[in-house]
Amino acid sequence: ANTKETFSIKGMTCASCVMRVEKVVQKLDGVESVSVNLATNQAQVEFDPEAVNEQDIESRINKIGFEAKVKK
Ligand code: 9UX
C-alpha cells in the first residue's frame, strides 16, 4: 500500500525550484505523486514504501541543492 509523507525543504526560492524538485522526485521508482508548496516550503509525496523510502527521497532532493527532511 502507498503511504503519504510530508517533507520540509529548505532553499526553494522560485517556481522553477518547485518544478525541479517535483520533476526529480516524480521520476524515482515507487513514487506515485509529488506536490511541492513554495509558500510553506513543504512537499507531499505519495509512494510505495516497499520500493522507495524517506531517505531516498530526501537524498534525491538534497542532490539538486536543497535540504529536505521528512516531517514526523
Ligand atoms: Mo529559481 Mo531555484 O531562479 O533552484 S530555479 S532559484
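Above: the structure in question.
Residues numbered from 1 in each chain as written. Predicted model: local features only at pLDDT ≥ 70, side-chain atom pairs only at ≥ 80, totals over all residues.

Asker: Whenever I open this one, unusual backbone geometry confuses me. Can you help?
Answerer: If a residue is not glycine, its phi is most likely negative; likewise, a peptide bond is most likely trans. Within the chain, Asn41 stands out as a residue other than glycine whose phi angle is a positive 55°. Within the element layout of this structure, Asn41 appears in the loop between β2 (31–37) and β3 (42–47). (Helix = DSSP H or I, 4+ residues; strand = E, 2+ residues; numbered from the N terminus.)

Asker: Mind showing me how you'd approach the sheet that holds β3 here?
Answerer: Within a sheet, neighbouring strands are paired by backbone hydrogen bonds and run either parallel or antiparallel to one another. The strand order β2-β3-β1-β4 describes an open sheet built from 4 strands, whose pairing is antiparallel. The open sheet has two free edges, formed respectively by β2 and β4 (67–70), since each of these has just one partner strand. Put simply, the sheet's adjacent strands are angled 25° from each other on average, direction ignored. Where strand β1 (residues 3–10) lies against β3, 6 bridges are found, and the strand directions are antiparallel. Its bridge partner being in β3, Phe7 is matched across the sheet by Ala43. Sheet strands touched by helix α1 (residues 15–26): β1, β2 and β3. Its angle to β2, the strand with the most contacts, is close to 170°. Relative to the sheet, helix α2 (residues 54–63) contacts β1, β3 and β4, its axis offset from that of β4 by approximately 165°. (Pairing = 2+ DSSP bridges. Axes fitted to C-alpha atoms, helices over the stretch in contact; angles between N-to-C directions. Contact = placed C-beta atoms within 7 Å.)

In short, the description is geometric, and any link to function would need to be established separately.
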